[in-house]
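If you want the building blocks of each chain, they are given just below.
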Amino acid sequence: MKTTTSIFALAGILLSLDQRDSKSSDLELLCIRNHDGTPRWVWPRHLHQPLFLHCYNQGGRKAHLYAYLIRIVFALRLQAWMFEKVRGAVAHKDAETPLFPVLGDWALFTGTPGPQQKAIFVIKEADQNVRFLKLGIGKRSLATLNNEVIALSHVQSMGFTTFRVPQLLASAHGMLSLSSVGDGGHRMHALQRPHRRALAEIAAKTARKMPIAQLSAWGEMVADLTYLHRLQDARIPQGMLRKLDQLLDSLDEEKTIQVAMSHGDFTPWNMYVADDALRLYDWEQWRPSMPMGYDAFHFVMQSGILMGRQSWNAIAAEMEERIHLELWPALGVASDAQYQLYVKLYLLFHTVQSLRLYSAQSVWHTQVQWLLDTWNQGLSAMLVGTTSGRSLLLMDAFDWLAQRQYAALKFPPIYPEQLSVRSDVDLCLHKADALAMQEWIVKHPLAAKTTVRKQSFMHQMQVITFDGSVLSLDLIWDLRRKSLQMMNASALIEQNDLNRLGVRVPRALDQARQIALFYALNGATVPSRYTAYEGLLAASTEPLDRLLYPYFLGESAPSAALESHLRGQKINRGWQGLLGRLRYVVDTLRSWIGQNGYTITFSGVDGAGKSTVLAEVSQQLEKQLRRKVVVLRHRPSILPILSAWRKGKAQAEREAATRLPRLGTNSSPISSMLRFAYYYTDYLLGQFFIQFKYVNRGYIVLYDRYYFDFITDSRRSNLVLPPAIARMAYRLLLKPDLNIFLYAAPELVHARKQELDPATIKQLTADYLKLFEALGASKGTAQYVVIENVVLERTLTTIMDYAHKMVA
């Protein structure tokens, strides 16, 4: 109870406490403690009313119920039985008059620990009126109490009619005595008419315009953000700080905005409503000028997080309704663009100010993490359009991981958001954390769609964000290749290193082993980008390292000695080895039945850019969507090229690859029908082969050209074929899921590839467009998409958008 005696000393009272039941004491106190054992509320045993509830936030249901039960205890006079007793003796400090009668009716709230901590005595006077005595304890609390004195004097001089504030009864260094703002009111947890009236009156009397940089709070915020970067506090999410930098950089500090007086902590627990007017207290965070709407945003944000446990999306929706639609017109700031600007300013100012405050606190309460999570979500929402959803989600993911043990495998020395869009993220973490992270990502507001492929040793996640970008993650808790455990994952996780960019990675030797094992067991050479790890294995005398070192020198064939070494490990022998093999069998079966693939075809005249687009799409599907891809040319090809019967398969395929299109000399309708029947048989039978071998096992099948050539350009296959026959036969084929027709202006196509004249290109393009329009209008789930392929990146984005929507 040392803190309590110090607080009483500030009030001019010497209090000696003894928790033993001593009858010699002249004061008996009751106490409710914090979780850490320190006193939270203290009051004399003879008190018949729970005065300390004046300092209790009764916003949520749980808090409301707790306060209700406390009142019942006091009503039944059971407090001496329910709460901890502390006895003590009191005396006044030398020649000082105490600030309140210690033998009267009072209650003490010892305050929230931190640099702004202050104690509050709630004192019931002889006339039954209640007053509050605030005493500064923390380093910055004296400044906040002085700020409240200035605020109350300023506010009372302005004659506001829509709200009342406490009367300043007395003040001195580190002390503030205030009247109550009255009884009989009730709290409103949503922004309603009384709040809007008060905020509108404040705006009407104090609004003015100024450049953002002229706000005193702006310079403080910039300085605080710089300080937070230098501080390197591991508790503060580093990705959040970088997002704050991005948000700061996106603002024009010379832009003129509307500002107004701000209460600074305009929340449901600092006010109540009586007679349709606000009773507003706790003015310690008052500012004469802050961006318009600051208090309104703060009200909705803080109540949404701390009372409603709402996500950013839910809070943003309420701000849109309560502030943008209902309050904003009354403040004279009506446009959508201005509204978004003021939301950004609120988030920037409040988040930096709060982080600076929390950085000075040794212990964080649970609610701090709630606040951090929601602010982070809000910052991401504000950066939409300037930063990809993938980059924002990566920053958020590594911020989430910061308070947990993990190791990012094969992670380059860059910030997470700088990772290539073609790179996935392999995270080694404990299984409980992996499952928690999976749940967190699924619920993340940036994640538009998530799919999870479960295996016995990891979960593979694929996230499509709001802007269509893709993030693939492997959440690994057991380092395995097929049935073999390669390394001890728990040891690798616990012995991680925190790199200079705030990412946890394995120790260098563990990383070298993991890289070499991964490529060796997959029968591949270690890529040159990992040569920095070569020396670690070269210098090691461990048997495993000696087996792995050749893979850094170009070895690629799986080593029988390496596999034998791994099988000799205890974890891979006996019943554990058998269990590993059973898990591998289950994982294999699950991979066959757990994920369906789909088929995409690419059509277009020669020179439309099919080959380039197909190659890029194939790579992105493998890297981004983590799918196996099979590329087929024109048809299933279970039957060989016709000329293969005479020249052999290899020679026929070489000639087909080098022969220019549309130069065949066949002009016989009968020969054409026979040739078509042969190829059609290949489609008819081969489609089932492709379906069962690839599509049903989760592969993505890409066709470079497809059956549509027979309908629109049969001459390309050396056929003279009426389009109606090929069109009718198409009805019996399984329809590919996505059919892409690429085209461009005939002159551009001809410039790319001089195989067809512009007139022919124009005619073939028109025929394809007509066909795709007709097929697209028919019933069925197949999609027929026409894309003008002029800008490659735009073409790829369009195709990948369709591909993302098809992911199961």
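Residues numbered from 1 in each chain as written. Predicted model: local features only at pLDDT ≥ 70, side-chain atom pairs only at ≥ 80, totals over all residues. Heavy atoms only, no water.

A. Quick look at the environment of arginine 131. Turning to its location among the elements, arginine 131 is positioned in strand S7 (residues 130-136). Distance from arginine 131 to glutamine 167, taken between C-alpha atoms, is 9.5 Å for residues 36 residues apart in sequence. Setting aside residues no more than four positions away along its own chain, arginine 131 makes contact with Leu99, Phe100, Phe121, Val122, Ile123, Glu125, Leu169, Ser177, Leu178 and Ser180. (Helix = DSSP H or I, 4+ residues; strand = E, 2+ residues; numbered from the N terminus. Contact = heavy atoms within 4.5 Å.)

B. Spatial organisation of the packing of helix H8 (residues 294-306) against helix H12 (residues 366-382). One way to put it is that H8 packs onto H12 with a least axis distance of 10 Å and a crossing angle of 125°. Comparing the axis directions of H8 and H12 gives the class oblique. At the point where H8 passes H12, the crossing takes the right-handed sense. From H8, Met301, Gln302, Ile305 and Leu306 reach across to H12, where they touch Gln367, Trp370, Leu371, Thr374 and Trp375. Here the contact of H8 with H12 is built from residues that sort into six nonpolar, three polar and no charged. (Axes fitted to C-alpha atoms, helices over the stretch in contact; angles between N-to-C directions. Parallel < 35°, antiparallel > 145°, perpendicular 65-115°, else oblique. Left-handed = near helix turned anticlockwise from the far one by under 90°. Nonpolar A, V, L, I, M, F, W, Y, C, P; charged D, E, K, R; others polar.)

C. Spatial organisation of the sheet that holds strand S18 (residues 447-454). Read across the open sheet, the five strands follow the order S16-S17-S20-S19-S18; overall the sheet is mixed. Either end of the sheet is taken by a strand with one partner, and the two such strands are strand S16 (406-409) and S18. Within this sheet the neighbouring strands show an average axis-to-axis angle of 25°, counted without direction. When S16 meets strand S17 (residues 425-429), the two strands line up antiparallel, connected through four bridges. The partner of leucine 409 across the bridge, within S17, is aspartate 426. Lying over the sheet, helix H13 (residues 389-401) contacts S16, S17, strand S19 (458-465) and strand S20 (470-476), oriented at roughly 15° with respect to S17. (Pairing = 2+ DSSP bridges.)

D. The arrangement of helix H16 (residues 508-521) in detail. Between its terminal C-alpha atoms H16 stretches 20 Å, which fits the 20 Å expected from 14 residues at 1.5 Å a residue. Of all 14 residues in H16, eleven are buried; the element is thus mostly enclosed. The set of residues buried in H16 consists of Asp510, Gln511, Ala512, Arg513, Gln514, Ile515, Ala516, Leu517, Tyr519, Ala520 and Leu521. Looking one or two places after H16, you find glycine 523, whose phi comes out positive at around 65°. (Expected span 1.5 Å × (residues − 1). Buried < 20%, exposed > 50% of the residue type's maximum accessible area, 1.4 Å probe, protein only.)

E. Main features of the pattern of salt bridges. One pass over the structure, following the stated rule, counts 29 salt bridges. Its salt-bridge partner being glutamate 201, residue lysine 205 comes within 3.4 Å of it at the nearest N-O pair. With lysine 205 and glutamate 201 both in helix H5 (residues 193-206) and four residues apart, the pair spans about one turn of that helix. Classification of glutamate 201 as buried rests on a relative accessible area of 11%. Taken together, the shared-partner salt bridges in this structure form one network comprising Lys118, Lys134, Glu148, Asp282 and Glu284. (Salt bridge = Lys/Arg side-chain N within 4 Å of Asp/Glu carboxyl O.)

F. Quick peek at unusual backbone geometry. We note that lysine 482 has phi near 55°; this positive angle belongs to a residue other than glycine. Assignment of secondary structure puts lysine 482 in the loop between strand S21 (479-481) and strand S22 (484-487). A residue is classified by how much of its surface remains accessible, and lysine 482, at 45% relative accessible area, is partly exposed. The backbone phi angle of histidine 634 is positive, close to 75°, even though this residue is not glycine. Its location among the elements puts histidine 634 in the loop between strand S26 (629-633) and helix H22 (644-647). When its relative accessible area of 14% is taken as the criterion, histidine 634 is described as buried.

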